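Geometric and topological summary
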Amino acid sequence: MYRIRFHGRGGQGMKTASRILGRAFFLEGFEVQDAPRYGAERRGAPMFAYVRASRNTINERGIIRRPDLVVVADDTLVPVSAAGVLQGVTEHTVMLINSNEKPEVWKDRLNISGQVLTMPSVAEKEDRLEPRFISASCAGVAARLVGVISRTSLKQAISAELAHLGAAVVDKNLAGALESYDLMGSHSGSVTPGHEVPAYAYQNPEWIELPFEDARVSAPAIHATATSEKMKTGLWRTMRPVIDYSRCNRCWWVCSTFCPDSAISLDDEGYPQIDYEHCKGCMVCVAQCPSHAIHAIPEQEAEAGTPAGERL
Amino acid sequence: MKRTLLTGNGAAAWGVRLAGVDYVPAFPITPQTEIIETIANWIDLGEMDCRMVTLESEHSMITAAGAAAATGVRAFTATSSQGLLYAMEMIYTVAGWRVPFVMVNVSRGLSAPITLEPDHNDILVARDSGFLQIHCATCQEVLDSILMAFRLAEDEQVRLPVIVNMDGFYLSFTREPVEIPDADAVTRFLPPFDPENICFRASAPVSEAVAVLGGPPYSYFRYETHLASLNAVPVFAKIAEEFAQAFGRTYEAVEAYRTDDAELVFVIMGSFATKAKDAVDRLREAGRSVGLLRPRLLRPFPNGDIRRILAGKKGVAVIDQNLSMGMGGVLHSELASALYGQAHAPPVLVSFIGGLGGRDIGPEEFYEMASVTRKAVEDGKAPAPRLLYTEKELREVRKLQAIAQVERENLGQNQ
């Protein structure tokens, strides 16, 4: 059975990617299971989707513990432990990362023995706020890596899964996905189906006895304020708002009032400061600033060392 | 017939569409599912001839479904978890009306604390209501069960509402290959609803169970509902046989997998049962004689089939994806009650609690449950009920508690 996991952020289209790949396997005559997994739906929060494909009936369900292929649509997720990108990754697993950095850098950084690949590069969009449809490309590369999905099936799968979005969107996605499919030709078949856990040699789950604990400990209550500070929602951001202080009029109330997360405060001189640990990157401030002093910068670029919003 | 990929929600919507449902009252907001959204879209596109009305709560939604069914139209509705609980007063009431309609419940663990993932405590709250319950393990079964559920609900020997249950995420959001039967074949199996003696016309008003009754007439009506529910066992068997003839898929009240020559048997409900099926195959490969029993009908409880299938078995591992506080697993209790005092009943019944709030059950855990049950058979005694829980999981909880603890200390200092 093939077991494939797609990791991305809410809104990046990983559910769609899993559906395209699932449909493509199905068109090739495989039994298929595809599903997304997330908590309360939040744009930008880490989520994953998965595909199982087999020539036989699939009885396995739920999250994939031992993936044959892990696709990461957003490389900023790799170090986020809650995203669980590396969960169950072994030397058998192929990692496919959408990143500007080289595969060797990732292999070294993550200290993993399996094969690491990066997505073939895509042209930068003119409008940085326009969402990048990477789902079809991710599915296209995954389809090539398993080596059992034809170009025709991939094409049909994309057309079927995106039909509701109209012909223009289908065409745009087809172009990107088929280009990626073609570029990865030399890696065709590098992902191979994994095995089931045998019942004659398995690791004992070592269950424990759950002890009784006082309701002061065991009731799900938090009796203090400001615990949400400990939740670094800044990790959900794909775009970062950066203030150009040379254009800031210190009107003080517009950006900080519109910020839905109270992540903008004022310093002693009346300049707004963005709390990047909690800014989710909704870009409401960018749209509201009367003097257009707030810019949107892709998070990956910002992480790489371009202006991080310090006042010059 | 068309075979395509559908989620459990999509499969449910297709079942409703093929069943020729006349009326769908729905609460449209969370925790409502895509089932209603899909049906609404079809009605909007003119692909489905049906009336949908949105209501302000699940309580009103069930009232509307029951009232519509009392006029002789075919009605359907759907809900999930907290929504089912919010409707609970009317769940009991409409069952008492003896009106036939079908509802899908997408199972999800209940508050508090809150989760979005499945377990069966929500649907078990409706266990004693008079609604019949069909539990599904695959998306195909969801579609097929809805067709059978209308036959069951409308049968004159039964005439009770039916809940078709599926697990959130594991079925509701999971796509699998599903055969969508031809509309003609479905109409032959499930003709338009003939309400017979159910009728309501504006010119001829009737009242439905309005009187306040004393104990003896109350007992009569309640016990009649119980007898009608028991009738659903043979009626379901007959419907399932007709379904198998028409569509080639067999759904008995209890699914038995590799039980004939098994010494040990897993008992589990819902979609996690297919995981258990996988484990049975692996255990067989390792030379262990293990089978699986899955009650498809929970109400009425198929006592006869369960006793027959488990007769002569050495040990049974009951895996409950629910927890009755202060007692334990509900299915374990039901099974013990079905087997107690029966000739050839398995001597050892081991209770496991797992999959609460969608907590996964891995293949190793099924193998270990088989191993624990085998040891219990050797010892001639069942161990204490076991929660499937690991040290690593407790460590994760400790991290959350550590945050809470720090906060409490700060609070103490501020006072």
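Every chain is numbered independently, its residues counted from 1 as its sequence is written. Naming scheme: in the order in which they are written, chains are lettered from A and ligands are numbered from 1. Since the coordinates come from a predicted model, pLDDT governs what is reported: local features require at least 70, and pairs of side-chain atoms require 80 or more to be given and counted, while whole-chain, interface and lining totals use all residues. Computation of side-chain values: all heavy atoms of the structure, hydrogens and water removed.

**A few points about the overall build of chain A**
For the purposes of this entry, the term helix denotes a DSSP run of H or I that reaches at least four residues, the term strand denotes a run of E that reaches at least two, and both are numbered from the N terminus. Along the backbone of chain A there are nine helices and ten strands. Each principal axis of the C-alpha atoms in chain A carries an extent, and together these give about 65 × 60 × 40 Å. Exposed residues in this analysis have more than 50% of their type's maximum accessible area, buried residues have under 20%, and partly exposed residues fall in between, with area computed by a 1.4 Å probe over protein chains only. Out of the 312 residues in chain A, the part that is buried amounts to 49%. Working rule for contacts: check all heavy atoms of both residues, and any pair within 4.5 Å makes them a contact. In chain A, the share of contacts with a sequence separation of at least 24, taken over all contacts with a separation of at least 6, comes to 70%. Note on areas: Shrake-Rupley with a 1.4 Å probe; residue coverage comes only from the protein chains shown. With an accessible surface of roughly 15,700 Å², chain A has 51% of that area assigned to carbon and sulfur atoms.

**Brief notes about unusual backbone geometry**
Here the amide bond leading from Ser111(B) into Ala112(B) is cis, since omega sits at -10°, within 30 degrees of zero. Locating Ala112(B) in the fold gives a position in the loop between strand E5 (102–107) and helix H6 (121–124). Cis geometry is found at the peptide bond from Arg299(B) to Pro300(B), where omega equals -5°. Mapped onto the secondary structure, Pro300(B) falls in the loop between strand E12 (297–299) and helix H11 (303–310). In the Ramachandran plot, Met283(A) falls in the positive-phi region, its phi being about 70° despite a non-glycine side chain. Tracing the backbone through its elements, the reader meets Met283(A) in the loop between strand E9 (272–274) and helix H8 (284–288). Met283(A) gets classed as buried once you look at its relative accessible area, which sits at 9%. Of note in the backbone geometry, His292(A) takes a positive phi value of approximately 50° without being a glycine. Position of His292(A) among the secondary structure elements: in the loop between H8 and strand E10 (294–298). For His292(A), a relative accessible area of 53% translates into the label exposed.

**Notes on the domain arrangement of chain A**
Interface extent is often summarised as the accessible area lost during association of the parts. Residue and element names in this part refer to chain A. An automatic or database domain assignment provides the domain bounds reported here. Assigned domains of chain A: these are domain 1 (2–187) and domain 2 (231–303). For domain 1 and domain 2, the distance between their C-alpha centres works out to 31 Å. Contact residues are listed per partner, giving 15 residues for domain 1 and ten residues for domain 2. The rule for a salt bridge is simple: a side-chain nitrogen of Lys or Arg has to be within 4 Å of a carboxyl oxygen of Asp or Glu. Counting every contact that joins domain 1 to domain 2 gives zero salt bridges.

**Focus: the nonpolar core**
Counting 57 residues, the largest nonpolar core has Ile35(B), Phe76(B), Val104(B), Leu147(B) and Leu152(B) as its most contacted members. With ten residues, helix H7 (residues 139–154) of chain B is the single largest residue contributor to this core. Contacts of Val104(B), omitting those with residues within four sequence positions, involve Ala12(B), Ile35(B), Phe76(B), Thr77(B), Ala78(B), Thr79(B), Ile146(B), Val164(B) and Met166(B). Throughout, nonpolar core names a set of buried Ala, Val, Leu, Ile, Met, Phe, Trp, Tyr and Cys residues whose side chains join them through atoms within 4.5 Å. Counting residues in each nonpolar core, the second largest holds 44 residues, with Ile4(A), Val32(A), Val51(A) and Ile158(A) among its members.

**Section: the environment of Ile208(A)**
Position of Ile208(A) relative to the elements: it lies in the loop between helix H5 (167–183) and helix H6 (215–218). Taking the relative accessible area as the measure of exposure, Ile208(A) reaches 14% and is therefore buried. Beyond its immediate stretch of four places on either side in the chain, Ile208(A) contacts Arg386(B), Tyr389(B), Thr390(B), Glu391(B) and Leu394(B).

**Quick look at the interface of chain B and chain A**
Each partner contributes to the interface: chain B provides 52 residues, whereas chain A provides 50 residues. Taking both partners together, chain B and chain A bury about 4,500 Å²; carbon and sulfur atoms supply 53% of that area. Counting every contact that joins chain B to chain A gives ten salt bridges. Measuring nitrogen to oxygen at the nearest pair gives 2.7 Å for the salt bridge that ties Glu117(B) to Arg37(A). Contributions of two or more residues to the side of chain B that touches chain A are made by strand E1 (2–6), strand E8 (176–180), helix H10 (272–285), helix H13 (363–379), strand E15 (386–387) and helix H14 (391–414) of chain B. The greatest single-element share of the side of chain B that touches chain A, amounting to nine residues, is contributed by H14(B). Its residues placed into classes, the side of chain B that touches chain A shows 24 nonpolar, ten polar and 18 charged. Defined here as a combined quantity, buried area equals the accessible surface (1.4 Å probe) lost by two parts on assembly, summed across both. Side-chain classes are defined by residue name, with Ala, Val, Leu, Ile, Met, Phe, Trp, Tyr, Cys and Pro counting as nonpolar, Asp, Glu, Lys and Arg as charged, and the others, Gly among them, as polar.

**Here we look at empty space enclosed by the protein**
The distinction between a cavity and a pocket rests on a 1 Å grid over the protein atoms alone: a 1.4 Å probe fits inside a cavity but cannot get out, while a pocket stays open yet meets protein on both sides within 12 Å along at least five of seven lines, and a residue with an atom within 4 Å of a point counts as lining. Grid points are joined across faces, edges and corners, and a volume is the space filled by probe spheres set on the points. All chains considered together, the criterion is met by four cavities of 30 Å³ or more. Here the largest cavity defines a volume of roughly 310 Å³. Lining the largest cavity are 22 residues; nearest its centre among them are Arg3(A), Glu60(A), Arg66(A), Asp278(B) and Pro363(B). Looking at the lining of the largest cavity, the elements with two or more residues in it are H10 and H13 of chain B. Per-element accounting of the lining of the largest cavity gives the leading share, four residues, to H10(B). Partitioned by chemical class, the residues of the lining of the largest cavity number eight nonpolar, three polar and eleven charged. Taken as a whole, the second largest cavity encloses approximately 120 Å³ of empty space. Looking at the second largest cavity, it is lined by 15 residues, and the ones nearest its centre are Cys259(A), Pro260(A), Cys279(A), Cys282(A) and Cys285(A). Partitioned by chemical class, the residues of the lining of the second largest cavity number eleven nonpolar, two polar and two charged.

**Here we look at H11(B)**
For an α-helix, 3.6 residues make a turn, and residues three or four places apart therefore share a direction. Residue and element names in this part refer to chain B. Along H11, the positions that sit buried rather than exposed are Ile-306, Ile-309 and Leu-310. Here the buried residues of H11 occupy an arc of 90° about the axis, which is enough to place them on one side. Note on H11: the residue one or two positions beyond its end, Gly-312, has a positive phi of about 85°. Taking the helix axis as origin, the arc is that swept by the directions to the C-beta atoms.

**Observations concerning the sheet that holds strand E6 (residues 116–118) of chain A**
Residue and element names in this part refer to chain A. Strand order in the open sheet formed by six strands is E2-E3-E1-E4-E5-E6, with mixed pairing between adjacent strands. Because the sheet does not close on itself, it has two edges, and the strands there are strand E2 (31–37) and E6. Going across the sheet, the axis of each strand differs from the next one's by a mean of 15°, ignoring polarity. On top of the sheet, helix H2 (residues 103–110) reaches strand E5 (94–97) and E6; it is set at about 135° to E6, its chief contact. Each pair of strands is called paired provided DSSP finds at least two bridges between the two strands. Here an angle of 0 to 180 degrees is reported between the N-to-C directions of two axes, which are lines fitted to C-alpha atoms, with helices fitted over the stretch in contact.

**A look at the packing of aromatic side chains**
To pair, rings of Phe, Tyr and Trp, with the six-membered ring standing in for Trp, must have centres within 6.5 Å; the planes then decide the type, stacked if under 30 degrees apart, edge-to-face if over 60, and tilted in the middle. Under the criterion given, the structure shown has 19 aromatic pairs over all chains. Between Phe25(A) and Phe30(A) the ring centres are 5.1 Å apart and the planes differ by 70°, which places this aromatic pair in the edge-to-face class. With relative accessibility at 5%, the residue Phe30(A) sits in the buried group. Each residue in the set Phe189(B), Phe243(B), Phe247(B) and Tyr251(B) is aromatic and connected to the rest through ring pairs, giving one cluster. Here Arg240(A) stacks its cationic end above the ring of Tyr276(A), 4.9 Å away from the centre of that ring. Throughout this description, the term charge over a ring refers to an Arg CZ or Lys NZ atom that lies within 6 Å of the ring centre and within 35 degrees of the ring normal.

**A look at the environment of Ser271(B)**
Of note, Ser271(B) is situated in the loop between strand E10 (264–267) and H10. Along the sequence, Ser271(B) and Tyr170(B) sit 101 residues apart, while their C-alpha atoms lie 6.7 Å from each other. In this view, Ser271(B) contacts Arg61(A), Cys136(B), Ala137(B), Asp167(B), Tyr170(B) and Leu171(B); residues no more than four positions away in its chain are not counted. Polar contact is defined as a pair of N or O atoms within 3.5 Å, subject to the rule that within protein one atom must be able to donate a hydrogen and the other to accept it, and that residues adjacent in sequence are counted only when both atoms are side-chain atoms. Here the side chain of Ser271(B) touches Asp167(B) through a polar contact of 2.6 Å, side chain to side chain.

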